[in-house]
Amino acid sequence: MQNAAVAAVFDEIADYMELAGENSFKIRAYRRAAEAVANYEGAIEDAAENGELRSIEGLGEATAAKVSEFLATGAVRYLDRLREEFPPGLLDLIRVPGLGPKKVSQLYRDKQIDSVEALNVALETNALQGVSGFGPKTIENIKSGLRRMAQMSKRLPLGDALLLAASIVKGVESLPGVERVEVAGSLRRGSDTVGDINLLAATNDVAATLAGFVELPHALVVSEQDEKSASVRVRPGIEVRLRATAPEAFGFNFFRATGSHAHFEAAQIAASERGLELREDGLFRDGVAVEIPTEAAFYELLGAPFIEPELRENRGEIPAAQQGRLPRLITSADIRGDLHSHSTWSDGVLSIRQMAQAMQARGYEYFAVTDHSKALAMANGLNAERLREQAKEIAEVQAEFPDLKILRGIECDIMRDGSMDLDDDILHELDIVVASVHSGFTFDEKTQTERVLKAIAHPAVDIVAHPTGRILGVRPPYDINVPELIAAAREYSTCLEINASERLDLSDENAFAAREAGVLLAIDSDAHSARMLPNVELGVLTARRAWCEKKHVLNAKPTAELLQWLQRPEARR
DNA sequence: GCCGTTTTCGGCCCGACTGTTTTCAGTCG
């Protein structure tokens, strides 16, 4: 399947065209082509084979020809020419917050700055002083953008890490002697971002397995290797470490390689209370190593049942396990619907009908159509009039899907003053209102908090989406007082979202606090295409880290209960 | 560059904020 590779070609072309100052509609055409290919449900090479490229919406004569060229030759000459014209570092520079194509090409033209490194040097030596358009505030913004970027690029968002790990696991499985390979470390615990990927292999030939591992195509550089493990860098800043162990030692090593460090230390204390010694190299009774074939066997020795990896953060899981009060963690199978999704009415790529098909294919009982509201003009946000038009289409599609409840909703912008982007009368007409912030990210904490508190208290608002505004690897949360949001959500019976797309917002820590406070959570995909629906599983991992059971999650409720909850007038007004 | 129930040209994704200006360009969502 070459869809992602072809989409990357079009995106790269669009990036270069921005630098070249090309017509914005032409650039947009390439972006759309990238999206069309990425979201195409089949393999793009099959479409090319069958002469169906031109029937894909968003591909025209020029872009379809480039798809064919890429599939035939592995390259696109047009892109090759662009690559010769501009240094590749300029593409990194466009991604620095505060820099766009115009400023980047100016820096390149006037100061020959062609990479993030060169920009850092220029900033350190004050070389940008006096460059027109680069005043003190702009320079300060660029510096803080660079700092944020450097911080975030060291860690991989959970979704990306899972994909990368899965492909490396496949490679390791094929190595000599390997019986079993598992992801361990923070990735197994479902951390929102991971620094390194840890794998554990049970093998009959440790040396051969490790030797094969460092030769896998993923490995750019071998950074460490001893007789038990090897680390390779698979992309800048991202290391994959494989520990190899004899099959009979897998249980203990799986526990140890999964962590967290804090959990390990808590387990050491629990072990010593039972006359055992837990060390890095094993569990010992009177100096003799205890055989531990499985993780369950290990926890049993601590007087506890198996502890799910997502709980292993020393948030009280060991005593809870010993006392038989571990939560029955929510699973993906408990999710009965999606309460935050987009269609072509705003910036989604699928019609309501297509979204309904995709939701039904996932086995959902219900979903909410929550397109953007009018303040998000760039996303073609809806006003009251268009929302009422949309109701007709929803009713039509609903008639075709008797087993799928389609909720009429909106993702309504929370304005700068905390008011809603749409009037109360239209909001009360809807089945569900999801409220969210898409502007004013730089407000101070007090202003930002008060603004969102107003939304939480609004009688029409059911869910506040992505409450802290972060996007993993892109943007940190804005300054906002989460405990105050949680208290208000509890008071007004408003649900808070775990946005499961590239945000994972609420974070696990915040979701943990919300659940403890008795606030209901919604795990939503925020899908703009069918491809994004499975992201909900990342949100489930986050909810599990927050000790959530299905009773804590709004969209784990059956349809009737959900509809009843959406009524909840007594708590609201 | 794509698209077409106004079909081979002309419209398409707009509005606000920021910082730098001296009336606006660039960035962002």
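Let's talk about the packing of aromatic side chains
Overall, the coordinates contain 13 aromatic pairs when judged by the stated rule. Ring geometry for Phe252 and Phe255: centres 6.1 Å apart, planes at 55 degrees, overall tilted. Taken together, the residues Phe252 and Phe255, both in helix H13 (residues 250-258) and 3 residues apart, mark about one turn of the helix. A residue is classified by how much of its surface remains accessible, and Phe252, at 7% relative accessible area, is buried. Through a chain of ring-to-ring contacts, three or more aromatic side chains come together here, namely Phe252, Phe255, Phe264, Phe298, Tyr299 and Phe306. In this structure, Lys103 packs its charged tip against the face of Phe134, placed 5.6 Å from the ring centre.

So, the sheet that holds strand S5 (residues 221-225)
Strand order in the open sheet made by the 5 strands is S2-S4-S7-S6-S5, with mixed pairing throughout. Since the sheet does not close on itself, it has two edges, and those belong to strand S2 (178-184) and S5, each with one partner. When the angles between neighbouring strand axes are averaged without regard to direction, this sheet yields 25 degrees. As defined by bridge partners, strand S4 (residues 196-203) adjoins strand S7 (residues 238-245) across 7 bridges and the pair is classed as parallel. From the neighbouring strand, Ala202 faces S7, where its bridge partner is Thr245. In this fold H13 packs onto S2, S4 and S7, with an angle of close to 25 degrees to the strand it touches most, S2.

So, the packing of helix H1 (residues 3-19) against helix H5 (residues 77-85)
Axis angle and axis distance: for two packed helices, these are the angle between their axes and the distance between the axes, and together they describe the pair. Taken N-terminus to C-terminus, the directions of H1 and H5 make an angle of 40 degrees; their axes are 10 Å apart at the nearest point. Taken as axis vectors, H1 and H5 run oblique relative to one another. In the crossing of H1 with H5, the sense of the turn from one axis to the other is left-handed. Across the interface between the two elements, Val9, Glu12, Ile13, Tyr16 and Met17 from H1 touch Tyr78, Leu79, Leu82 and Arg83 from H5. Its residues assigned to classes, the contact of H1 with H5 shows 7 nonpolar, no polar and 2 charged.

A closer look at the protein's contact with DNA strand B
For DNA strand B, the set of nearby residues contains 31 residues, the closest of which are Gly58, Thr63, Gly98, Gly100 and Gly135. Near the protein, within 4 Å, the atoms of DNA strand B are sugar or phosphate in 67% of cases. One nitrogen or oxygen atom from the main chain of Gly60 is found 2.8 Å from a phosphate oxygen belonging to DNA strand B. A distance of 3.2 Å separates a phosphate oxygen of DNA strand B from a polar atom in the backbone of Lys102. The set of elements that each furnish at least two residues to the surface near DNA strand B consists of helix H2 (24-39), helix H4 (61-73), helix H7 (101-111) and helix H9 (136-153). When residues of the surface near DNA strand B are assigned to their parent elements, the largest contribution, 5 residues, is made by H2. A class-by-class count of the residues in the surface near DNA strand B yields 12 nonpolar, 10 polar and 9 charged.

Thoughts on the nonpolar core
Membership of the largest hydrophobic core comes to 85 residues, with the highest contact counts inside it found for Leu278, Phe298, Ile330, Leu427, Leu496 and Ile523. Among residues more than four places away in sequence, those in contact with Ile330 are Ile335, Ile523, Val540, Ala543, Arg544, Cys548, Glu549, Lys550, Val553 and Ala556. Core analysis: the second largest hydrophobic core is formed by 48 residues, Ala38, Ile44, Val67 and Leu93 among them.

Side note on unusual backbone geometry
Following Gly259, the chain continues into Ser260 via a peptide bond in cis, with omega recorded as -5 degrees. Inspection of the secondary structure puts Ser260 in the loop between H13 and helix H14 (261-273). Cis geometry is adopted by the peptide bond preceding Leu506, which originates at Asp505 and carries an omega value of 10 degrees. Of note, Leu506 is situated in the loop between strand S16 (495-499) and helix H22 (508-516). Unusually for a residue other than glycine, Asn126 sits at a positive phi of about 55 degrees. Tracing the chain through its elements places Asn126 in the loop between helix H8 (116-124) and H9. Relative accessible area serves as the criterion here: at 47%, Asn126 is assigned to the partly exposed category. A positive phi angle, near 55 degrees, is found at Asp526, a position not held by glycine. The buried category is assigned to Asp526, whose relative accessible area is 6%.

Regarding the sheet that holds strand S10 (residues 288-289)
The antiparallel open sheet is built from 3 strands, whose spatial order is S8-S9-S10. In this open sheet, the two strands that pair with only one neighbour each are strand S8 (277-279) and S10. Where S8 meets strand S9 (residues 282-285), 3 bridges bridge the pair, whose relative direction is antiparallel. Counterpart to Glu277 in the pairing with S9 is Phe284. Strands S8 and S9 of the sheet are contacted by H14, whose axis makes an angle of about 155 degrees with S8.

Structural notes on a negative patch on the surface
A cluster of acidic residues, Asp444, Glu445, Asp479 and Glu484, forms a negative patch at the surface. Along the chain, Glu445 falls in helix H20 (residues 445-457).

Some points on H14
Two residues of an α-helix separated by three or four positions point the same way, owing to the 3.6 residues in each turn. Between its first and last C-alpha, H14 extends 19 Å over 13 residues, near the 18 Å set by a 1.5 Å rise per residue. Positive phi appears at Gly275, one or two residues downstream of H14, with a value of about 75 degrees.

Quick look at the pattern of salt bridges
One pass over the full model with this rule turns up 34 salt bridges. Put simply, Arg189 and Glu313 hold a salt bridge, and the shortest N to O gap is 2.7 Å. One end of the pair, Arg189, is in the loop between helix H11 (185-188) and strand S3 (193-194); the other, Glu313, is in the loop between helix H15 (295-301) and helix H16 (317-322), with 124 residues separating them in the sequence. Take Arg189 and Glu313: they sit in the same class, and that class is buried. Here Arg568 and Asp462 are joined by a salt bridge, their closest N and O atoms 2.9 Å apart. Here the residue Arg568 occupies a position in the segment after helix H24 (559-567), and Asp462 occupies one in the loop between H20 and strand S15 (463-464), the gap between them amounting to 106 residues. The exposure class assigned to Arg568 is buried, which follows from its relative accessible area of 5%.

Parameters and conventions
- Each chain carries its own residue numbering, running from 1 in the written order of its sequence.
- Whichever chain is written first becomes A and whichever ligand is written first becomes 1, with later ones labelled in order.
- Reporting in this predicted model follows two pLDDT cut-offs: at least 70 for local features of residues, and 80 or more for side-chain atom pairs to be given and counted; totals over whole chains, interfaces and linings ignore these cut-offs and use all residues.
- The side-chain numbers reported here are obtained from all heavy atoms of the structure, hydrogens and water having been left aside.
- Pairing of aromatic rings covers Phe, Tyr and Trp, the last counted by its six-membered ring, and requires centre-to-centre distances within 6.5 Å; plane angles under 30 degrees mean stacked, over 60 mean edge-to-face, and any other angle means tilted.
- Helix numbering and strand numbering both begin at the N terminus, where a helix is a DSSP run of H or I of at least 4 residues and a strand a DSSP run of E of at least 2.
- Between buried and exposed lies partly exposed: a residue is buried under 20% and exposed over 50% of the maximum accessible area for its type, with that area taken using a 1.4 Å probe on protein chains only.
- By definition, being over a ring means that NZ of Lys or CZ of Arg is both within 6 Å of the ring centre and within 35 degrees of the ring normal.
- Think of it this way: DSSP has to see at least two bridges between two strands before they count as a pair.
- Helix axes are fitted only over the stretch in contact, all axes being lines through C-alpha atoms; the angle between N-to-C directions runs from 0 to 180 degrees.
- Whether two residues are in contact is decided by their heavy atoms: any pair within 4.5 Å suffices.
- Under this scheme an angle from 65 to 115 degrees is roughly perpendicular, one under 35 degrees roughly parallel, and one over 145 degrees roughly antiparallel; angles in between are oblique.
- Handedness of each helix crossing follows the sense of rotation of the near helix against the far helix: counterclockwise by less than a right angle gives left-handed, clockwise gives right-handed.
- All amino acids are sorted into three groups, where Ala, Val, Leu, Ile, Met, Phe, Trp, Tyr, Cys and Pro are nonpolar, Asp, Glu, Lys and Arg are charged, and the leftover types, Gly among them, are polar.
- Put simply, a residue is near a molecule or strand once any heavy atom of it comes within 4 Å of that molecule or strand.
- Any N or O atom pair separated by 3.5 Å or less is treated as a polar contact, with the protein-specific requirement of one donor-capable and one acceptor-capable atom, and with residues adjacent in sequence counted only for side-chain atom pairs.
- Residues belong to a common nonpolar core when they are buried Ala, Val, Leu, Ile, Met, Phe, Trp, Tyr or Cys residues joined through side-chain atoms within 4.5 Å.
- Distance thresholds for patches are 9 Å for like charges and 5 Å for nonpolar side chains (Val, Leu, Ile, Met, Phe, Trp, Tyr), applied to residues having over 30% relative accessible area and no salt bridge.
- Under the convention used here, a 1.4 Å probe and the Shrake-Rupley method define accessible areas, while residue burial counts only the protein chains that appear.
- The salt bridge criterion pairs a side-chain nitrogen of Lys or Arg with a carboxyl oxygen of Asp or Glu, the two atoms within 4 Å.
- Just so you know, the count uses Lys and Arg for positive and Asp and Glu for negative, and it drops His and the chain ends.
- By convention, the charge on Lys lies at NZ, on Arg at CZ, on Asp at CG and on Glu at CD.
- Given a helix with a known number of residues, its expected span is that number minus one, times 1.5 Å.

Everything listed here is a matter of coordinates, which is why it stays silent on function.
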